[in-house]
Amino acid sequence: MTPKSLLGLILTFIVVLVGWDSFYIVTQIERAVVLRFGQLVAPDVQPGLHIKAPIIDKVIKFDGRLLTLDAPPERFLTQEKKALIVDSYVKWRIKDVGKFYRSTAGSVLQANRLLSQRVESGLRNRVGRLSLQEVVSGKRDELMEELTKVLNKFTEENYGIRVNDLRVKRIDLPPQVSDSVFERMATEREKEAQELRSQGNEQAEITRATADRERRVLLAEAYREAEKIRGEGDAKAAAIYANAYNQDPEFYAFYRSLHAYKESFKENNGMMILEPDSDFFKYLKNSERQSDKPVSSNE
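Residues numbered from 1 in each chain as written. Predicted model: local features only at pLDDT ≥ 70, side-chain atom pairs only at ≥ 80, totals over all residues. Heavy atoms only, no water.

Asker: Residue-level account of the nonpolar core, with values.
Answerer: The biggest cluster of nonpolar side chains holds 33 residues, and the ones touching the most others in it are Phe62 and Trp92. Put simply, the parts of the chain that give this core at least two residues each are strand S2 (30-36), strand S5 (57-63), strand S6 (67-70), strand S8 (83-94), helix H2 (97-104), helix H3 (108-127), helix H5 (139-158) and strand S9 (161-172). Here this core gets six residues from one element, more than from any other, and that element is H3. Residue contacts for Phe62: discarding those within four places in its chain leaves Ile29, Glu30, Arg31, Val33, Ile94, Val97, Phe100, Tyr101 and Gly106. (Core = buried A, V, L, I, M, F, W, Y, C linked by side-chain atoms within 4.5 Å. Buried < 20%, exposed > 50% of the residue type's maximum accessible area, 1.4 Å probe, protein only. Helix = DSSP H or I, 4+ residues; strand = E, 2+ residues; numbered from the N terminus. Contact = heavy atoms within 4.5 Å.)

Structure (structure tokens):
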């Protein structure tokens, strides 16, 4: 290769390199600034294809989308000096690219650090003006809206950052306080449970006593009704027997004597001591007399 050809090749390469370094693209999700010898010459480059001075100009791009700052949990005191652990987060984006670059040197980490400091200071001041009940209730939403407006006004003026939202993820009590609170809650719940058990036992005793009294009343009424029916039946039976026996009293007396003899002599080893003239032997005596009579020839 001749020196002339080599020189032409080097010049071509330099031209291509310079031309390549003269163009840059900013996408829709990016924000950019242009620096010349460290000085800001283009503070807010819009998306698209752009031309810059090669070598001497430097393009710095930033993420133009919504970013999230997950702030570390902080310990705050309420109005009544009760400690709370507040865990929050911030949604923010770059609004003024030039101001953002000047205040943070284009570092997102630096921006997060500055935002975290402002959030911590704002929460500490506002939580200190509220009671514990107000912090954990509906007042919290008002607190976040007010703090978001104040924080956004400050960051736009000083950092070129727009704060879209500031929210609290959770609010906890410190561990040493949580243990005592949980123990007190458990004690209160146990006391309430004991009261409910006592009320339940009392109601159960009342129900059992009522049921037992009703059972006794029902049994008494049933027994009275049964005795009444039994008495009426016995009366009717006695009336029927009396009516039947009145038709032949002698036969009835004889039948009862036979029944008495049967029951008395049912046991083989039984012994009875009676007078000979007792009415018990009335029909036995009559039976002997009848057997002693001579049988007539006609019979």
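Asker: Any details on the confidence of the model for the chain? Residues and values, ideally.
Answerer: Parts of the model with low pLDDT should not have their predicted coordinates read in detail. On average, the chain scores 79 in pLDDT, and the residues at 70 or more come to 79%. Ranking the helices and strands of the chain by mean pLDDT puts S6 first, with 89, and helix H8 (residues 282-292) last, with 54. Ignoring residues within four places in sequence, the model shows residues 288-299, a span with pLDDT below 50, making zero contacts including any to other chains. (pLDDT = per-residue confidence, 0-100.)

Asker: Run through H3, naming residues and quoting values.
Answerer: For H3, with 20 residues, the first-to-last C-alpha span of 28 Å sits near the 28 Å given by 1.5 Å per residue. Looking only at H3, the buried set comprises Ala111, Asn112, Leu114, Leu115, Ser116, Val119, Gly122, Leu123, Arg126 and Val127. Residue Ser107 occupies the N-cap position of H3, its side-chain oxygen lying 3.4 Å from the main-chain nitrogen of Leu109. (Expected span 1.5 Å × (residues − 1). Polar contact = N/O pair within 3.5 Å; in protein donor to acceptor, adjacent residues only side chain to side chain.)

Asker: Please set out the sheet that holds strand S3 (residues 39-45) residue by residue, giving values where relevant.
Answerer: Strand order in the open sheet formed by three strands is S3-S2-S5, and the pairing between neighbours is antiparallel. Among the strands making up the open sheet, the edge pair consists of S3 and S5. Each strand axis lies, on average, 20° off the axis of its neighbour in the sheet, ignoring direction. As judged from the seven bridges shared by S2 and S5, these two strands associate in the antiparallel manner. (Pairing = 2+ DSSP bridges. Axes fitted to C-alpha atoms, helices over the stretch in contact; angles between N-to-C directions.)

Asker: Give a detailed account of the packing of aromatic side chains, specifying residues and quantitative values.
Answerer: If you walk through the whole model with that rule in mind, you get three aromatic pairs. Consider the rings of Phe62 and Phe100, whose centres lie 5.5 Å apart with planes at 85°: the pair is edge-to-face. Linking Phe62 in strand S5 with Phe100 in helix H2, this pair joins segments that are 38 residues apart in sequence. Each member of the pair, Phe62 together with Phe100, is buried. By the ring-pair criterion, three or more aromatic residues cluster together here, those being Phe62, Trp92 and Phe100. (Phe/Tyr/Trp six-rings, centres within 6.5 Å; stacked < 30°, edge-to-face > 60°.)

Asker: Let's hear about a nonpolar patch on the surface: which residues, and what values?
Answerer: Together, Phe23, Ile25, Leu49 and Ile51 line one region of the surface with nonpolar side chains, adding up to about 450 Å² of accessible area. Within the fold, Ile51 resides in strand S4 (residues 48-51). (Patch = residues over 30% accessible without salt bridge, like charges linked within 9 Å, V, L, I, M, F, W, Y side chains within 5 Å. Areas by Shrake-Rupley, 256 points an atom, 1.4 Å probe, with all protein chains shown as cover. Salt bridge = Lys/Arg side-chain N within 4 Å of Asp/Glu carboxyl O.)

Asker: Lay out the pattern of salt bridges with the relevant residues and their values.
Answerer: Using the criterion set out here, one finds 15 salt bridges in the structure. Here Asp63 and Arg65 are joined by a salt bridge, their closest N and O atoms 3.0 Å apart. On the accessibility criterion, Asp63 (27% relative accessible area) is partly exposed. Here Arg65 falls in the partly exposed class, since its relative accessible area comes to 45%. Residues participating in the shared-partner salt-bridge network are Asp70, Asp87 and Lys169.

Asker: Can you lay out unusual backbone geometry for me, pointing to particular residues and giving the numbers?
Answerer: With phi around 65°, Lys81 is a residue other than glycine that occupies positive phi space. You can see Lys81 is positioned in the loop between strand S7 (74-77) and S8. Its identity as a non-glycine residue notwithstanding, Ala105 has a phi of 60°, on the positive side. With respect to the helices and strands, Ala105 occurs in the loop between H2 and H3.

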